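So the chains spell out like this:
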Amino acid sequence: ELRDEGLFSELGVTNFDLRSVKRMVDAGAPIRTNQVQLSALDRRPIQSGQASYCAEQGIKLISFGTVGAGILSDKYLNRGRPSGGEVDSS
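Note that the structure is predicted; figures quoted are calculated from it, not measured. (Residues numbered from 1 in each chain as written. Predicted model: local features only at pLDDT ≥ 70, side-chain atom pairs only at ≥ 80, totals over all residues. Heavy atoms only, no water.)

Draft legend 1. Main features of the pairing of strand E1 (residues 11-14). Bridge count between E1 and strand E2 (residues 31-37): four bridges; the pairing is parallel. Note that in E2 the partner of Val13 across the bridge is Asn34. (Pairing = 2+ DSSP bridges. Helix = DSSP H or I, 4+ residues; strand = E, 2+ residues; numbered from the N terminus.)

Draft legend 2. Fine view of the side chain of Asn34. In this structure, Asn34 sits in strand E2. Among the polar contacts made by the side chain of Asn34, one reaches the main-chain carbonyl oxygen of Phe16 at a distance of 2.9 Å. If near-sequence neighbours (up to four positions away) are discounted, Asn34 is found in contact with Val13, Thr14, Asn15, Phe16, Val21, Gln50, Ile59, Lys60, Leu61 and Ile62. (Polar contact = N/O pair within 3.5 Å; in protein donor to acceptor, adjacent residues only side chain to side chain. Contact = heavy atoms within 4.5 Å.)

Draft legend 3. Focus on unusual backbone geometry. In the Ramachandran plot, Asn15 falls in the positive-phi region, its phi being about 60° despite a non-glycine side chain. Within the secondary structure layout, Asn15 lies in the loop between E1 and helix H1 (18-26).

Draft legend 4. Quick look at the nonpolar core. Counting residues in each nonpolar core, the largest one holds eight residues, listed as Val13, Leu18, Val21, Ala29, Ile31, Tyr53, Cys54 and Ile59. The set of elements that each furnish at least two residues to this core consists of H1 and helix H3 (50-57). The contact partners of Leu18, leaving out residues within four places of it in the chain, are Ser48, Gly49, Gln50 and Tyr53. (Core = buried A, V, L, I, M, F, W, Y, C linked by side-chain atoms within 4.5 Å. Buried < 20%, exposed > 50% of the residue type's maximum accessible area, 1.4 Å probe, protein only.)

Next up, the structure:
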């Protein structure tokens, strides 16, 4: 309805898993991007087949959390393992 009224032409979604993306695409939703958590520590979008499916559908993946809440950055070099309170995953 909103699309027919010209209020939007394409969608960007966040944190949709493969099943949800497929359901939306099958329903005709014009999804163009999906923002997902992706890093060397969290490869779910690749392991689940979501990255391949999205590529086939022309949906771009936008990653966040690429440095694994700082664990993959130099923030913790020469330090012990961070405690739960030190890791900011937002």
